[in-house]
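One letter stands for each residue in the lines below.
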Amino acid sequence: MDEWNKVVKTVQTATFKKTVKKLKSNQKSELDKAVKALIDDPELGECKKGDLSYMRVYKFKMVGQLTLLGYSYDEEELILELLALGSHENFYRDAKRIFNT
């Protein structure tokens, strides 16, 4: 990744904050590592298609469980927006319901 394209600001949606609030400290530390990885390279996640085309999803293990982190990255403003966090089960359905209203 180009040095000039580094993330300069990270923001969280209310939905994301609410989910993070419920995490235990060991889960939060693993989430922090995932967010740092995205700050270093915002293109790590997979681009979604269709209704979720605005979102990228980064998959990582949180305390041994596959966890999905939905985010968007504004290349012009260099802003990483953390949108959603959860297990694979119902992640995409819930993301569509929350963000496509």
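Everything in this summary refers to the structure shown in the same document. Not measured: the values here are computed from a predicted model.

1. What about the overall build of the chain?
Piece 1. A count of helices and strands for the chain gives three helices and five strands.
Piece 2. Whereas a compact globule of 101 residues would reach a radius of gyration of roughly 13 Å, the chain reaches 13 Å, a difference of no more than 12%.
Piece 3. Based on the C-alpha atoms only, the size of the chain along its principal axes is roughly 35 × 30 × 20 Å.
Piece 4. Within the chain, the fraction of its 101 residues that count as buried is 36%.
Piece 5. For the chain, the share of sequence-separated contacts (at least 6 apart) that also reach a separation of at least 24 residues comes to 52%.
Piece 6. Total accessible area on the chain is roughly 6,500 Å²; 47% of this is exposed by carbon and sulfur atoms.

2. Digging into the packing of aromatic side chains
Piece 1. Taken as a whole and judged by the stated rule, the model has two aromatic pairs.
Piece 2. When the centroid spacing of 6.0 Å and the interplanar angle of 15° are considered together, the rings of tyrosine 58 and phenylalanine 60 count as stacked.
Piece 3. Under the relative-accessibility criterion, phenylalanine 60 is labelled buried at 9%.
Piece 4. Taking the centre distance of 5.3 Å and the plane angle of 90° together, the rings of phenylalanine 91 and tyrosine 92 count as edge-to-face. Tyrosine 92 shares its class with phenylalanine 91; the two are buried.

3. Concerning the nonpolar core
Piece 1. In terms of nonpolar packing, the biggest core is built from 18 residues, with Phe16, Leu31, Tyr58, Phe60, Leu69, Leu82 and Leu85 touching the most fellow members.
Piece 2. Within the residue set of this core, elements represented by two or more residues are helix H1 (14-21), helix H2 (25-40), strand S3 (56-62), strand S4 (65-74) and strand S5 (79-86).
Piece 3. Top contributing element to this core by residue count: H2, with four residues.
Piece 4. When near neighbours in sequence (up to four residues on either side) are disregarded, leucine 69 contacts Phe16, Leu31, Val35, Leu38, Arg56, Val57, Tyr58, Phe60, Leu82, Ala84, Leu85 and Phe91.
Piece 5. Of all hydrophobic cores here, the second largest spans nine residues; its members include Met55, Ala84, Phe91 and Ala95.

Quick notes on the rules
Residues numbered from 1 in each chain as written. Predicted model: local features only at pLDDT ≥ 70, side-chain atom pairs only at ≥ 80, totals over all residues. Heavy atoms only, no water. Helix = DSSP H or I, 4+ residues; strand = E, 2+ residues; numbered from the N terminus. Rg over C-alpha atoms; globule rule 2.2 N^0.38 Å. Buried < 20%, exposed > 50% of the residue type's maximum accessible area, 1.4 Å probe, protein only. Contact = heavy atoms within 4.5 Å. Areas by Shrake-Rupley, 256 points an atom, 1.4 Å probe, with all protein chains shown as cover. Phe/Tyr/Trp six-rings, centres within 6.5 Å; stacked < 30°, edge-to-face > 60°. Core = buried A, V, L, I, M, F, W, Y, C linked by side-chain atoms within 4.5 Å.

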